[in-house]
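Spelled out from the first residue to the last, the chains are:
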Amino acid sequence: MSAGNQTPVGNGLVKWIDSRLPVFSYLQKEYAEFQSPKNFNWFWNFGAILTFMLVLMMITGIFLAMQYQPNTELAFDSVERIMRDVNFGWLLRYMHANGGTFFFIAVYIHMFRGMYYGSYKNPRELLWILGVIILVLMMATAFMGYVLPWGQMSFWGATVITNLFSAIPLVGDSIVTLLWGGFSVDNATLNRFFALHYLLPFLIFGVVILHVISLHVSGSNNPLGVDPKGPQDTVSFHPYYTMKDSAGLAIFVTIFAFFVFFAPNFFGEPENYLAAQPLTTPAHIVPEWYFLPFFAILRSINFDIWFIEAKLGGVIAMFGAILVLFVLPWLDKSPVRSAKFRPVYKWFFWIFLLDCLLLGWVGGRAPDDLVFEGLALKVIHLGYLSTFWYFFHFIILLPLLGVFERPKPVPKSISESVLGGGNAGASATAKPMEKA
Amino acid sequence: MGIVSKLRRTAAVAGFAAVAAMVSTAALAAGDTKHPEERDWHFSGIFGTVDVHSAQRGLQVYLEVCSGCHALKQVAYRNLSALGFTEGEIKAIAADFEVTAGPDSEGEMFQRPAIQSDNFVSPFPNEEAAKAANNGANPPDLSLQVKVHPDGANYIHALLTGYADAPDGVEVPDGASYNPFFRGGFIAMPQPLFEDGVEYSDGTAATVDQMATDVVNFLQWTAEPEMQQRKKMGFKVVIFMIILSALLYAGKRKLWANIDH
Ligand code: HEM
């Protein structure tokens, strides 16, 4: 990098370091002067929020790890000791447990934002793929983290999910033995899950760095989905977006704090306050809410498909539901990014969002429950429907829409669109941003 | 229940409706298990605090009735100072129990009275012994019971006051009692509370309802000993965050005022 010779950064020590290791000029270039489209709405806040949550999870996690005992005899009581005897231990734990939930709320909003505004399209395919990798790593991390307190749901959730791998032909049983480190979910399992739960967030951190580097090559997308045509379309990241991100982050943290302090177990499963009992199966084994849509897909394939047994079919569908996200940039063929200018896709986006919520609802119910009293519709039937729609949306609908949909005219530039609508140039006063 | 139900409502408004629906799936195993009635608890709501006097009486109910079968092992005797017990009182309570300690200098284990720093002594040495004494059912540790059951406080109150004669035609198995609030209706815990089962030193009439209320107030405290500190700190943090958010938002508006966007 030749950034060193034209560095305007600092003086004295900063300059000395920067000419040998250009971290300061890098930060200056990538986070201060970096040009970003000026028309972001609040949905562009979630990247900053996610970064904050990752760091918060790592900090609270490391302090928890100082007190936590990864041993089946001690784990549950050690978490209770954190809650009772460690100074502000309850705060650490409630921040960490609710942090997982808010991390997922943020990541799901972030992803649906990407889907609505076509942020995964050329030239941001790799950026999107790195994001999906982060999601997968987050899921693995959260799953293993949930096992650590060694409550009933920890134990039985781990048992059910690890057992899924046994459906894989030939190698399945070996994989399960490897995951367990033995022949059942036991101490060895807890130990390796703790080791991995500690490790994975650091990998996530690495992938986040790649994600951001890639972002800074293509630049950010924006609600119009048209590339900035020049300086009139952009503002420098600092102070404009540092300020806006801080405001959004503060609002998010306020909501987060409300749950941590006033309803810390709202998202939790009560039965996990019962220490694991390997001989007593709970009436309902449900994963954390953020896994429910995938859990619903897993359970909806309860029939053999040709030579594929139901169990394997469910596992394939569940993993397929995540894998399909990797190829999304090539399934959606429309040249137009933003759903704003895609009259048909726009509707299907909202239907897809509802479908995901429906999947989540289905995932939390017993499959044989009736949806309404007196109606012969069972939860599993909605499961079939919503699972079908999930894949139909990606595999059939998106490619077809790319060909048959007639997009609305796309503005030539961001400025044109912002100033358009009759009163060009007149709007000197600040307007709320969310009109987009 | 107060805060949870209120939150569910707020959350729905806040756009968390979907999430809430997913979470509320913890719903009881159903059947025709009766739903507990919602009661007003001193500790519920974001302003709720521990009803110290009731919790003190609840400790007495626990010690005199429940502790014969149920452990309370997450709680230490010293923790009782948070309920307003003096050091002397705590020492006296602890001294009623024996713990195994040692080895001494001869290598022998010995029995000694419990002291403040010990955790509540469990009635049975292990789960097998507990089951053997209770028709094969294990009386759960009570430290966290309020958190273990959805709507825990109302549930435990309903359970303790809900023993009834089995409806006609319903055969109660040996060693079980009929309780419509318990999943399945048959519980291995015999009715523990009877009118004047304990004698309160503060003169409160020991009705079944009163004892149940007191012991639930106590168990709520054992489940969430940090509750008051948590809520108090929560007010400071949330108010600070609201002000900070407002300032940052205002700053953002000002900064962006002359950018067309
Ligand atoms: C990607 C970031 C992370 C996520 C999504 C995550 C998620 C979780 C979840 C969902 C739990 C269960 C909480 C509960 O119900 O009690 C948990 C527990 C735990 N995590 Fe993490 N975690 C992350 C990072 C870390 C890091 C970096 C550490 C550092 C070692 C850590 C250490 C722990 C410990 C010790 C526990 C057990 C204590 C407890 O249950 O509260 N976590 N984690």
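Residues numbered from 1 in each chain as written. Chains lettered and ligands numbered in written order. Predicted model: local features only at pLDDT ≥ 70, side-chain atom pairs only at ≥ 80, totals over all residues. Heavy atoms only, no water.

Section: the overall build of chain A
Next up, step 1: Tallying secondary structure elements over chain A gives 16 helices and two strands in all.
Next up, step 2: A compact globule built from 436 residues would reach a C-alpha radius of gyration of about 22 Å, and chain A, at 24 Å, matches this within 12%.
Next up, step 3: Its C-alpha atoms give chain A principal-axis dimensions of roughly 70 × 60 × 45 Å.
Next up, step 4: Taking all 436 residues of chain A together, 54% fall into the buried category.
Next up, step 5: Of the contacts formed within chain A by residues at least 6 apart in sequence, a portion of 80% connects residues at least 24 apart.
Next up, step 6: A total of about 20000 Å² of accessible surface is found on chain A, and carbon and sulfur atoms cover 70% of it. (Helix = DSSP H or I, 4+ residues; strand = E, 2+ residues; numbered from the N terminus. Rg over C-alpha atoms; globule rule 2.2 N^0.38 Å. Buried < 20%, exposed > 50% of the residue type's maximum accessible area, 1.4 Å probe, protein only. Contact = heavy atoms within 4.5 Å. Areas by Shrake-Rupley, 256 points an atom, 1.4 Å probe, with all protein chains shown as cover.)

So, the site of the ligand
Residues and elements named next belong to chain A.
Next up, step 1: Close to the ligand lie 24 residues, the nearest being Gly61, Arg93, His96, His197 and Tyr198.
Next up, step 2: In this structure, an oxygen atom belonging to the ligand sits 2.8 Å away from a side-chain N or O atom of Arg93.
Next up, step 3: His197 is positioned with one of its side-chain polar atoms (N or O) 2.7 Å from a nitrogen atom of the ligand.
Next up, step 4: Ranked by residues supplied to the shell around the ligand, first place goes to helix H3 (residues 46–65) with seven residues.
Next up, step 5: Grouping the constituent residues of the shell around the ligand by class yields 18 nonpolar, five polar and one charged. (Near = heavy atom within 4 Å. Polar contact = N/O pair within 3.5 Å; in protein donor to acceptor, adjacent residues only side chain to side chain. Nonpolar A, V, L, I, M, F, W, Y, C, P; charged D, E, K, R; others polar.)

Comments concerning the side chain of Arg84(A)
Next up, step 1: Relative to the elements of secondary structure, Arg84(A) occurs in helix H4 (residues 75–84).
Next up, step 2: Among the polar contacts made by the side chain of Arg84(A), one reaches the side chain of Glu80(A) at a distance of 2.8 Å.
Next up, step 3: A distance of 2.8 Å separates a polar atom in the side chain of Arg84(A) from the backbone oxygen of Thr222(B).
Next up, step 4: Leave out the neighbours within four places in its chain, and Arg84(A) touches Gln74(B), Val75(B), Ser143(B), Leu144(B), Thr222(B), Ala223(B) and Pro225(B).

Some details on the packing of aromatic side chains
Residue and element names in this part refer to chain A.
Next up, step 1: Taken as a whole and assessed by the stated rule, the structure comprises 59 aromatic pairs over all chains.
Next up, step 2: Above the plane of the ring of Trp44 lies Arg113, whose end atom (NZ or CZ) is 4.8 Å from the centre.
Next up, step 3: Between the NZ or CZ atom of Lys244 and the centre of the ring of Trp42, over which it lies, the distance is 4.8 Å. (Phe/Tyr/Trp six-rings, centres within 6.5 Å; stacked < 30°, edge-to-face > 60°. Lys NZ or Arg CZ within 6 Å of the ring centre and 35° of its normal.)

Overview of the interface of chain B and chain A
Next up, step 1: The interface is formed by 56 residues belonging to chain B together with 59 residues belonging to chain A.
Next up, step 2: A combined buried area of about 5100 Å² lies between chain B and chain A, and 72% of that area is made up of carbon and sulfur atoms.
Next up, step 3: Taken together, chain B and chain A are joined by two salt bridges.
Next up, step 4: Elements supplying a minimum of two residues to the side of chain B that touches chain A: helix H1 (2–23), helix H5 (145–148), helix H7 (208–223) and helix H8 (227–256) of chain B.
Next up, step 5: If one sorts the elements of the side of chain B that touches chain A by residue count, H8(B) sits on top with 18 residues.
Next up, step 6: By residue class, the composition of the side of chain B that touches chain A is 32 nonpolar, 13 polar and 11 charged. (Buried area = accessible area lost by both parts, 1.4 Å probe. Salt bridge = Lys/Arg side-chain N within 4 Å of Asp/Glu carboxyl O.)

Re the pattern of salt bridges
Next up, step 1: Summed over the entire model, instances satisfying the criterion amount to 16 salt bridges over all chains.
Next up, step 2: With a shortest N-O distance of 2.9 Å, Asp202(B) and Arg57(B) are connected by a salt bridge. Residue Asp202(B) is found in the loop between strand E4 (186–187) and H7, and its partner Arg57(B) is found in helix H2 (residues 52–64); the two are separated by 145 residues along the sequence.
Next up, step 3: Note that Arg230(B) is salt-bridged to Glu226(B), the shortest N-O span being 2.9 Å. Residues Arg230(B) and Glu226(B) agree in their burial class; the two are buried.
Next up, step 4: Bridged by salt links that share partners, the residues Lys121(A), Asp332(A), Arg342(A) and Glu405(A) form one connected network.

Observations regarding the coordination of the iron atom of the ligand
All names here are of chain A.
Next up, step 1: Distances from the iron atom of the ligand to its protein donors, His96 (NE2) and His197 (NE2), fall within 1.9 to 2.0 Å.
Next up, step 2: Classification of the site at the iron atom of the ligand as octahedral follows from its six donor atoms and the range of 86 to 179° in their angles at the metal. Taken together, the residues His96 in helix H5 (residues 89–116) and His197 in helix H9 (residues 187–218) connect sequence positions 101 residues apart.
Next up, step 3: Take His96: its relative accessible area is 17%, and that puts it in the buried class.
Next up, step 4: Judged by its relative accessible area of 15%, His197 is buried. (Donors = N, O, S within 2.8 Å, 3.2 Å for Na, K, Ca; no water. Tetrahedral: all angles 85-135°; square planar, octahedral: opposite > 155°, others 65-115°.)

Considerations on a nonpolar patch on the surface
All names here are of chain A.
Next up, step 1: A cluster of nonpolar side chains, Val55, Ile59, Phe63, Met66, Phe205, Ile209, Leu210, Ile213 and Val217, forms an exposed patch at the surface whose accessible area comes to about 840 Å².
Next up, step 2: Those elements giving two or more residues to the nonpolar patch turn out to be H3 and H9.
Next up, step 3: With five residues, H9 is the largest single contributor of residues to the nonpolar patch.
Next up, step 4: Here Ile209 is to be found in helix H9. (Patch = residues over 30% accessible without salt bridge, like charges linked within 9 Å, V, L, I, M, F, W, Y side chains within 5 Å.)

Overview of a negative patch on the surface
Next up, step 1: A grouping of Glu64(B), Glu195(B), Asp196(B) and Glu199(B) is seen on the molecular surface, where their side chains present a negatively charged patch.
Next up, step 2: With respect to the secondary-structure elements, Asp196(B) resides in the loop between E4 and H7. (Lys, Arg positive; Asp, Glu negative; His and termini not counted. Charge placed at Lys NZ, Arg CZ, Asp CG, Glu CD.)

Some words on the domain arrangement of chain B
All names here are of chain B.
Next up, step 1: Here the domain parsing of chain B yields domain 1 (9–225) and domain 2 (227–261).
Next up, step 2: Using only C-alpha atoms to locate each centre, domain 1 and domain 2 end up separated by 41 Å.
Next up, step 3: Each partner contributes residues to the interface: domain 1 has 10 residues there, and domain 2 has five residues.
Next up, step 4: The junction of domain 1 with domain 2 conceals about 610 Å² of combined surface from both sides, 52% of it contributed by carbon and sulfur atoms.
Next up, step 5: Looking only at domain 1, the three residues that lose the most surface to domain 2 are Ile46, Val50 and Glu224, adding up to 51% of its buried area.
Next up, step 6: One can count one salt bridge joining domain 1 with domain 2.
Next up, step 7: Measuring nitrogen to oxygen at the nearest pair gives 3.3 Å for the salt bridge that ties Glu224 to Arg230.
Next up, step 8: Our count for the domain 1 to domain 2 interface comes out at seven residue pairs in polar contact (both at pLDDT 80 or more).
Next up, step 9: Among the residues making up the side of domain 1 that touches domain 2, the classes are represented as five nonpolar, four polar and one charged. (Domains from an automatic or database assignment.)

What to know about the side chain of Thr162(A)
Residues and elements named next belong to chain A.
Next up, step 1: Relative to the assigned elements, Thr162 resides in helix H7 (residues 152–164).
Next up, step 2: Using a relative accessible area of 2% as the deciding quantity, one classes Thr162 as buried.
Next up, step 3: Here Thr159 takes part through its backbone oxygen, which lies 3.3 Å from a polar atom of the side chain of Thr162.
Next up, step 4: With sequence-adjacent residues up to four places away left out, Thr162 is seen in contact with Phe143, Val176, Leu179, Trp180, Val185 and Phe193.

Let's talk about the packing of helix H12 (residues 310–326) of chain A against helix H15 (residues 379–404) of chain A
Residues and elements named next belong to chain A.
Next up, step 1: At a minimum axis separation of 11 Å, H12 and H15 run at an interaxial angle of 35°. The two elements H12 and H15 meet at a crossing, and its hand is left-handed. Between H12, through Ala317, Gly320, Ala321, Val324 and Leu325, and H15, the contact on the second element is made entirely by Tyr390, Phe391, Phe394 and Ile395.
Next up, step 2: A breakdown of the residues in the contact of H12 with H15 according to their chemical character gives eight nonpolar, one polar and no charged. (Axes fitted to C-alpha atoms, helices over the stretch in contact; angles between N-to-C directions. Left-handed = near helix turned anticlockwise from the far one by under 90°.)

A look at H5(A)
It helps to recall that an α-helix has 3.6 residues per turn; residues three or four apart then point in one direction.
Residue and element names in this part refer to chain A.
Next up, step 1: With 28 residues, H5 extends 40 Å from end C-alpha to end C-alpha; this agrees with the ideal 40 Å at 1.5 Å per step.
Next up, step 2: Roughly 30° is the biggest bend found in H5, and it falls at Gly99.
Next up, step 3: With 25 of 28 residues buried, H5 is to be regarded as a mostly interior element.
Next up, step 4: The positive-phi residue at the C-terminal boundary of H5 is Gly118, with phi of around 60°. (Expected span 1.5 Å × (residues − 1). Bend = angle between axes of the 7 residues up to and from the residue.)

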